[in-house]
Amino acid sequence: MTVTHPVVAEEVALGGGRSPAPPGRPPAADVVGRLTRPLPALLLVGLLAAGWQLMADASGSALIPGLGDVARNLVDIAASGALWDNVRVTLTRVALGFAAAFVVSVAAGIAMGRSEWLRRFLEPAVLIGLATPGLVKALLCVIWFGVSLLNPILTVALAAAPALTINVAQGVRSVDPALGEMAHVYRLDALTRLRYVWLPAIVPDLFTGARLGIAMAWKVIVLVEIFGLADGVGYQLNLEFSQHNVAGVLAWTVAFALVMAAIEYGLLQTLERRAVRWRRVALR
Amino acid sequence: MSVRISLDGVDKAFTNRRTGERQQIFRDFSLTLAPDELVAVVGGSGTGKTTLMHLIAGLERPDAGTVSTGGGRPRLGMVFQQPRLLDWTSVETNVRLAATAAGVDAAEVAPILAAVGLTEYARSYPSVLSGGQRQRVAVARAFVVRPEVLLLDEPFSALDELTARRLRLLLQQLWLRTPRTGLLVTHNALEAAFLADRVVVLGGRPAEVVREYRIDRPRPRSPEDPELFDVHRRIVAALT
C-alpha cells in the first residue's frame, strides 16, 4: 500500500503547470479557408482556357481547335464509354506498377537510410534509374515483355521507384536517432518500429517521393500504351493523332489531366493531411 | 525480480570525429548497484554519466570489462532528458506500445496515466502537452513496463524548477509503490539527495568515483528536509 506524505499529495495534485485544453472543433475561419483554397488554381485554369480560346479564334487553324471542339470530343468519348474504359485500364496499370514500386522502394529506402554500406551499394542503381529516360524504359519493356500486363507494371515500377527510394532513404536518415534508442530500450519489435517510428517519421518525404514517382509513372504509361498496347489513354491519344484529330488529342489530354488532378487533390493531399494531422493540432 | 547491476573493470573510449582525438571516458571502472537500490550519479559535464547509463541500457558496449545486469537482459524503464515521444500518435499509444512490448496487459495503461494525472489527455497528441506533461508521459511509459531496472537520464533538467519539483515528487510516489534497481544521472545535487539511496560523485578523465554518500532518510521524503540540504551542500562541495 502506498503511504502518501502530505506534502507529496498537495504538490502532485497541483498538476504539471501549463495545461492546454484538448483540441476542439475547427473555427469557422478554417472552413472558409478550406472552401476558398482551390480558387487560385481555378483562376489559373480559367486564364489558360481563355488564352487558348483567343489563340484559336485568332489563328482559325484546325491545328488549334477551340474549347467548344475539345469539349464536344470529350463529351463524345465519355458518352461512348471509351473514356471510362480506357482511363480505368490506364489507372489499373499505374496503380499496380506504383504498388510494386512502393513496396520495393520503402524496403530499399529504409535499408539505404539505416546502413551506410547498403546506401553505397544501392545508390548507383537508383541514380541510373533516375537518369535513364522514361522513353528508354518504355521501349525496353515493350521489347522484352510485349503486350502482357507485366510490361506496363514493370515500366511504371521502374519509373516510379528511384525517386521514391531516394526520398524514403532521405527521410529515414533524418529520423531522430534518439527515437531509435527509445525503441531499443523498450524492445519494440521490427513491425512496431516500422509502423510507429519509421513510417510516420518519413511521411513528408514519402509523399514527396510518391508525387515524383506518380508523375514519372504517368509519363511512361502513356509511352508504353502508345508503343506496345492496344488500349488505355496512351493508345487512344495515338489513335486520335493518327487521324489528325487535334481536338481528340486535346480531349484525351484534358481527361488525363483531370484524373491526375483528382488523384493529387482527392487522394494524395487527403492522405497527407490525415498523416500529418498531429502537426496541425500542435500548431493550434 | 530484484536485479543487481555490476560494472567490473570497464574501459570505454570514443574517438572525436572532428579532431580524430581518442577520449578515454572510463578505464578499469567498477560500480555496483544493489537490488532495489536507487543510485544517483552526479558530476560535471563530460565525466561519463550518460555513457555509464548507456552502458547499462545496452546502447553502448564496453571496450573491455563487463556490464552485468542480473544474468540476462532485464526489463528496462528509461526516462531520457527529452521525453522521446512519438509525436504522431496519442499519449495512450505511446505508453501502450512500451507496455505491449514488455508483455504487460494494455489494461494497465489507464491506471498509470491516472497516476501521472494525464487521463484527460490519453487520446491527445503529445505535441499539445506542456514540457512537464510530456515528461510525465515518459515517466508513465517507464513505469508501465514494470521495470526491473529504472534508468533516469537527467529526466527533469529541461524543465522549469517548479515543474521539476512536482515530477520528483511524482517519481518518489511511483517508486514507493514498487522499488526496483535504479540509476539516476543528474547535474542537480539536491535532486540526487532527494531521490537516491546513494549518491556517487564522478570526476576526472578517465572518470572515477570521487566520493559516495549514503542517504538514509526514510521515504517518503520532503523536499524541505533540512538533512537533505545538508547532504546537498556536501555533494556540491565535493563537486567543486
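None of these values were measured; they are calculated from a predicted model.

(A) How the structure looks around the overall build of chain A. Along chain A, the regular secondary structure elements total 14 helices and zero strands. Listed by position from the N terminus, the elements making up chain A come as α-α-α-α-α-α-α-α-α-α-α-α-α-α. Sorting the 284 residues of chain A into buried and exposed places 36% on the buried side. Taking all contacts inside chain A whose residues are at least 6 apart in sequence as the whole, residues at least 24 apart take part in 74%. In the form shown here, chain A has an accessible surface area of approximately 16,000 Å², with 70% of it arising from carbon and sulfur atoms.

(B) A look at the domain arrangement of chain B. All names here are of chain B. By the assigned domains, chain B splits into domain 1 (5–74 + 148–239) and domain 2 (84–147). In this structure, domain 1 and domain 2 have C-alpha centres spaced 24 Å apart. Counting residues at the interface gives 14 residues for domain 1, matched by twelve residues for domain 2. Linking domain 1 with domain 2 are zero salt bridges, by the criterion used here. At the level of elements, β6 (149–153) and α5 (161–177) are the ones that each hand at least two residues to the side of domain 1 that touches domain 2. Per element, the largest residue contribution to the side of domain 1 that touches domain 2 is seven residues, and it comes from α5.

(C) Looking closely at the UniProt feature "domain: ABC transporter" (unreviewed entry) in chain B. In this structure's numbering, the residues bearing the UniProt feature "domain: ABC transporter" (unreviewed entry) are residues 5–229 of chain B. Across residues 5–229 of chain B one finds 31% helix and 28% strand; the C-alpha atoms that close the span lie 28 Å apart.

(D) Representation of the sheet that holds strand β5 (residues 76–79) of chain B. All names here are of chain B. Reading across from one edge, β5-β6-β7-β3-β8-β9 is the order of the six strands in this open sheet, with mixed pairing throughout. Strand pairing shows two members of the sheet lacking a second neighbour, β5 and β9 (208–214), which therefore form its edges. The average angle at which neighbouring strand axes cross in this sheet is 15°, direction not considered. With five bridges connecting them, strand β3 (residues 38–42) and strand β7 (residues 181–186) associate as parallel partners. Residue pairing for β7: V41 is matched across the bridge by V185.

(E) Summary view of the environment of S68(B). Residue and element names in this part refer to chain B. Residue placement: S68 occurs in strand β4 (residues 64–69). Along the sequence, S68 and L55 sit 13 residues apart, while their C-alpha atoms lie 9.9 Å from each other. With residues near it in sequence (within four places) discarded, S68 still touches R4, I5 and S6.

(F) Quick peek at the sheet that holds β4(B). All names here are of chain B. Strand order in the open sheet formed by three strands is β2-β1-β4, and the pairing between neighbours is antiparallel. Taken across any chain shown, the strands that pair with only one partner, and hence form the sheet edges, are β2 (22–33) and β4. Taken over all neighbouring pairs, the strand axes of this sheet differ in orientation by 30° on average, direction set aside. The pairing of strand β1 (residues 5–15) with β4 spans five bridges and is antiparallel. Residue pairing in the sheet places D8 in a bridge with T66 of β4. Contacting β1, β2 and β4, helix α1 (residues 49–57) crosses the sheet at an angle of about 120° to β1.

(G) Representation of helix α6 (residues 116–131) of chain A. Residue and element names in this part refer to chain A. In a regular helix each residue adds 1.5 Å, so 16 residues correspond to 22 Å; α6 covers 22 Å between its end C-alpha atoms and thus fits that length. The largest bend in α6 comes to about 40°, at L122, with the proline P124 one to four residues further on. Regarding α6, the residues found buried are R119, V126 and G129.

(H) Region of the structure containing the nonpolar core. Counting residues in each nonpolar core, the largest one holds 134 residues, and the members touching the most others are Y186(A), L113(B), L151(B), L183(B), V199(B) and I235(B). Among the elements that line this core, the one with the most residues is helix α11 (residues 203–228) of chain A, at ten residues. Looking at this core, you find at least three residues from each of domain 1 (5–74 + 148–239) and domain 2 (84–147) of chain B. The residues touching Y186(A), leaving out its near neighbours within four places in the chain, are L76(B), G77(B), M78(B), A98(B), A101(B), R141(B), A142(B) and V145(B).

(I) View of the confidence of the model for chain A. Put simply, chain A has an average pLDDT of 86, and 88% of its residues get 70 or more. Per-residue pLDDT stays below 50 along residues 1–24 of chain A; that stretch engages in 47 contacts with residues further than four places along the chain or on separate chains.

(J) Focus on the pattern of salt bridges. The full count for this structure, using the stated rule, is 27 salt bridges over all chains. Residues E272(A) and R211(A) are paired through a salt bridge, measuring 2.9 Å at the closest nitrogen-oxygen approach. Of this pair, E272(A) sits in helix α13 (residues 246–275) while R211(A) sits in helix α11, placing them 61 residues apart in sequence. Judged by its relative accessible area of 22%, E272(A) is partly exposed. Taking the shortest distance from any N to any O, the salt bridge between E212(B) and R198(B) comes out at 3.0 Å. On the criterion of sequence distance, the pair formed by E212(B) in strand β9 and R198(B) in strand β8 (residues 198–203) is long-range, its members being 14 residues apart. For R198(B), a relative accessible area of 8% corresponds to the buried category. Three or more residues joined by partner-sharing salt bridges are found here, namely E116(A), R119(A), R120(A) and E123(A).

Quick notes on the rules
- Residues numbered from 1 in each chain as written.
- Chains lettered and ligands numbered in written order.
- Predicted model: local features only at pLDDT ≥ 70, side-chain atom pairs only at ≥ 80, totals over all residues.
- Heavy atoms only, no water.
- Helix = DSSP H or I, 4+ residues; strand = E, 2+ residues; numbered from the N terminus.
- Buried < 20%, exposed > 50% of the residue type's maximum accessible area, 1.4 Å probe, protein only.
- Contact = heavy atoms within 4.5 Å.
- Areas by Shrake-Rupley, 256 points an atom, 1.4 Å probe, with all protein chains shown as cover.
- Domains from an automatic or database assignment.
- Salt bridge = Lys/Arg side-chain N within 4 Å of Asp/Glu carboxyl O.
- UniProt positions renumbered as here; feature names shortened; annotations may be inferred.
- Pairing = 2+ DSSP bridges.
- Axes fitted to C-alpha atoms, helices over the stretch in contact; angles between N-to-C directions.
- Expected span 1.5 Å × (residues − 1).
- Bend = angle between axes of the 7 residues up to and from the residue.
- Core = buried A, V, L, I, M, F, W, Y, C linked by side-chain atoms within 4.5 Å.
- pLDDT = per-residue confidence, 0-100.

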